[in-house]
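# Inside the fold
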Amino acid sequence: MTGRTKFRGCALALALGMTGLALPAAAQSTPLPGAYAEWQEARERTEDAPAREFVLINYFFTRLTASNQLGDPAGLRGVSLGPIGFPAGSAVRVEKREAFFVEQRWIPVIEYSPLFVDGMASFRAQFEVDYLWGRAANTVQQNEGGGFNADQINIQTKNVNVALYPTKDPNQLTLLFGTQPVYDSVHDPTRAPLGDIIRTGYKLTFLGSDATGLSVFSNYLGGQARLSLLPLGSFQADKATDDDPRLKFVWTALADYTYPLAPGTNVGLSLWHLRDDTKGEAYAFEGLVRSGPGSPGLGSFTGAPQFAIERPSGWVTWLGANFNHNVDFRTGPFGASGFVMYNAGRFRSNRPDTTLNRQVDISGLSANLELLYNFGRTSNDLVTLEGMFSTGDSDLRDGRYTSAFTFNEYGLPGAVWFNHKMLILFPFTSTVNNYTGAVTDISNQGFGLQSVIATGAYDLIPNKLNLKLGVGHARSSVTPPENTPGIPRGRIIGTEINAELRYTIRYLMTVGLHGGYMFRGAFYNGNPRVTENPWAAFTTFTWYAF
C-alpha cells in the first residue's frame, strides 16, 4: 500500500465520522532490504495511473424513523438530543402517539496532497449538511433545508486542518493543527480506521467531537502516543465587571500512550486535564445554551448532570487505563477490550452572593469490559458481551459529585458511546438530527450506570446479508430522587430487545432495517412524560463514494 493510498484511506476514515461503519485496517508488508527499490525500477510502470493530488470523498446517509419517542426539534433549531423523560431541552416524551420522519446527511471530505511537498503535508476539509425532509427552506440555518424549494444556506464546517509529516512517515510523526476530530483514543483520527477508534481506548464515552488546536501523534516510543492542546470554548468573562476585554478559555490537554504487548494486543494509559476560566459564561450553542457543569440547559440535551453552582471556574483531571486484544480477529476467534477511568476535580463559584454551593468537588470512577467471539465464516459472525459501569451520586445539589464527568458538560454532544449496539436504551448512533434514548451519557444524569449488553450476529449470505439480535439491561448505581412527590423511583432503567438486518447492495453501499423495544423500569416512576414503553423502527441507506 503506497503512502498516497494510505492518505485516501485516512480521509475515508474521517468521512465515516459517527456513522458506525468500521473498516478493516490495511496490512503492510516489509520489503527485503535493498530489493524493493530494484524491483520498483525494473517493473514496467507505463500503465500505472498517476498519483492524485486532490481527493474528494462523499458520505451520504438517509434514515426513516417511526417511534413513540417524541422529541421537540425547536429547542436546538432542528435537532433533538437528550434522554427521554426530561421536561426541558428537547423534552423527549414517550406516549401512545407516534412520530414519523426522514432525515438526511451529506458529508464531503476534501484532501489535497500536492506532489511538490514531497509527502510532507496534507490539507483536509470536511463539511456537513443535515436536515429533516420537509422542514424549512429559503433561509439561513444549520440542520434545516429539507422543505419545498430548499435553497437553504446550511453547510456546517466540521474540520479544516493541515497535517505535517516531518519525516515523511505519518506513523513516525504527525503534527495535526486546525479544526480536527477529537476522540478519547490514541489514534490519529485522520488515518486510523473508525473501528479502531470506537472499539479501543475509551470508546467515545468521554470524548467524541471536533475541536480546534494542535495534536501530535508518534510511534517513536515503541508504541502509539498522542498529545493534544485544545481550547474548547472562550468568553470575555470579566469585561462587564472589570473592564477586561481579554478572552478566558476552557483549555484541555490530552496525553495518551498505548504499547503493543503482542500482535493485536495493546495496553494504554491516559492523563487528561481541563481548566475552565470562563466562569460559566461560554456557550456550547452560541447565544442559546451555555457550557460547563453549571449550565442550566446543557444537561437536558446531553444527559450530563447539572451542578448546583453559579458562574463556576475550575478543573478536572482524568487518569485512565485501557486494553484491547484481537478485536479484528487476526490471531484467533476471541477478542476483548475495556477500560478503567477515574476523574477528579473542583469548581468554585465566582458569584459572591450565591445561594448555591460555593464549591463542588468531583470524584468518579467508570469501567468497561467487552468480550467477543467470532464463530463463523466471516468477521460478521459474532457474539458479544459487554458491561458498562459508572459510580453514582444520590444528591446532585450538595458540594460533592461522585460520578463520571464527560465532555458532554461542554458539547452538544461532546461524547457519544458509539459501539453499544442498542437502539433505545442508548441512542441509535446511525443518525443525523435525532440522538435520543434512555441514557445519553455514561453518568446517567449523575446517578451512575450499570449496564449489560449481549448481541449475536450472523451473515445469512456471507459479506452480503447480516442479521443481528441484541438485548441490553441498564440500571442506575444509586436510587434517584422522586419525580412526583410521594412516588418513589427505582433503579432499573429498562431492558431492550432489538433486531437489525443489513444488506450490502454494492461495495460501501448498504441498506438496513432496525427495530427495538424497551421495557421501561421503575426509574421512570412518577414521570408524566414517560407513560409507555419506548419502541422504534428505522430504515437506513448508507453510501460511501471515493
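Look a little higher up for the structure.
All of the points below concern the structure found in this document.

Rules of the game
- Residues numbered from 1 in each chain as written.
- Predicted model: local features only at pLDDT ≥ 70, side-chain atom pairs only at ≥ 80, totals over all residues.
- Heavy atoms only, no water.
- Helix = DSSP H or I, 4+ residues; strand = E, 2+ residues; numbered from the N terminus.
- Rg over C-alpha atoms; globule rule 2.2 N^0.38 Å.
- Buried < 20%, exposed > 50% of the residue type's maximum accessible area, 1.4 Å probe, protein only.
- Contact = heavy atoms within 4.5 Å.
- Areas by Shrake-Rupley, 256 points an atom, 1.4 Å probe, with all protein chains shown as cover.
- Lys, Arg positive; Asp, Glu negative; His and termini not counted.
- Charge placed at Lys NZ, Arg CZ, Asp CG, Glu CD.
- 1 Å grid on protein atoms, 1.4 Å probe; cavity = no way out; pocket = protein on both sides within 12 Å on 5 of 7 lines; lining within 4 Å.
- Points joined across faces, edges and corners; volume = space filled by probe spheres on them.
- Nonpolar A, V, L, I, M, F, W, Y, C, P; charged D, E, K, R; others polar.
- Core = buried A, V, L, I, M, F, W, Y, C linked by side-chain atoms within 4.5 Å.
- Salt bridge = Lys/Arg side-chain N within 4 Å of Asp/Glu carboxyl O.

From N to C terminus, the protein includes five helices and 23 strands. Rg of the C-alpha trace for the protein: 24 Å, near the compact-globule value of 24 Å for 546 residues, within the 12% margin. Projected onto its principal axes, the C-alpha positions of the protein cover 85 × 60 × 55 Å. Out of the 546 residues belonging to the protein, those deemed buried represent 52%. Restricting to contacts in the protein with at least 6 residues of sequence separation, those with at least 24 account for 67%. Carbon and sulfur atoms form 60% of the exposed surface of the protein, whose accessible area is close to 23,500 Å². Charged side chains in the protein number 45 positive and 47 negative. The centres of these two groups are separated by 3 Å.

Turning to empty space enclosed by the protein, a few remarks are in order. Counted by the stated rule, this structure contains four cavities of 30 Å³ or more. Roughly 90 Å³ of volume is contained in the largest cavity. Along the walls of the largest cavity sit 14 residues, with Trp417, Val439, Thr440, Asp441 and Ile442 positioned nearest its centre. Residue classes in the lining of the largest cavity are distributed as nine nonpolar, four polar and one charged. Considered as a void within the structure, the second largest cavity measures approximately 50 Å³ in volume. Taken together, Gln180, Pro181, Val182, Tyr183, Ser185, His187, Pro189, Ser215, Phe217, Arg226 and Ser228 make up the lining of the second largest cavity. Those elements giving two or more residues to the lining of the second largest cavity turn out to be β6 (173-183), β7 (208-218) and β8 (224-235). With four residues, the single largest contributor to the lining of the second largest cavity is β6.

Turning to the nonpolar core, a few remarks are in order. Judged by nonpolar contacts, the single largest core of 51 residues is most densely connected at Phe206, Trp318 and Ile493. Looking at this core, the elements with two or more residues in it are β9 (248-262), β10 (265-276), β13 (312-325), β14 (334-349), β15 (359-374), β19 (449-461) and β23 (535-545). Per-element tally for this core: the top contributor is β14, with three residues. Ranked by size, the runner-up nonpolar core spans 16 residues in total, among them Ala192, Val289, Leu298 and Phe418.

What follows deals with the environment of Thr539. Here Thr539 lies in strand β23. For Thr539, a relative accessible area of 32% corresponds to the partly exposed category. Taking the C-alpha atoms as reference, Thr539 lies 9.8 Å from Glu500; in sequence the two are 39 residues apart. Beyond its immediate stretch of four places on either side in the chain, Thr539 contacts Thr62, Arg63, Leu64, Gly512 and Leu513.

So, on to unusual backbone geometry. For the bond from Leu412 to Pro413, the omega torsion is -15 degrees, close enough to zero to count as cis. One can find Pro413 in the loop between β17 (400-401) and β18 (434-437). The backbone of Asn326 sits at a positive phi, close to 55 degrees, despite the residue not being glycine. Examined against the element boundaries, Asn326 turns out to sit in the loop between β13 and β14. Residue classification places Asn326 among the buried residues on the basis of a relative accessible area of 3%. Of note in this structure, Lys421 is not a glycine but carries a positive phi near 70 degrees. With respect to the helices and strands, Lys421 occurs in the loop between β17 and β18. A relative accessible area of 18% places Lys421 in the buried class.

Moving on: the pattern of salt bridges. The full count for this structure, using the stated rule, is 27 salt bridges. Lys468 is paired through a salt bridge with Glu500; the nearest N and O atoms lie 3.1 Å apart. Highlighted residues: Lys468 in strand β20 (residues 465-475) and Glu500 in strand β21 (residues 492-506), separated in sequence by 32 residues. Neither residue differs from the other here; Lys468 and Glu500 are each classed as buried. When the shortest N-O distance is used, the salt bridge between Glu500 and Arg502 registers 3.3 Å.

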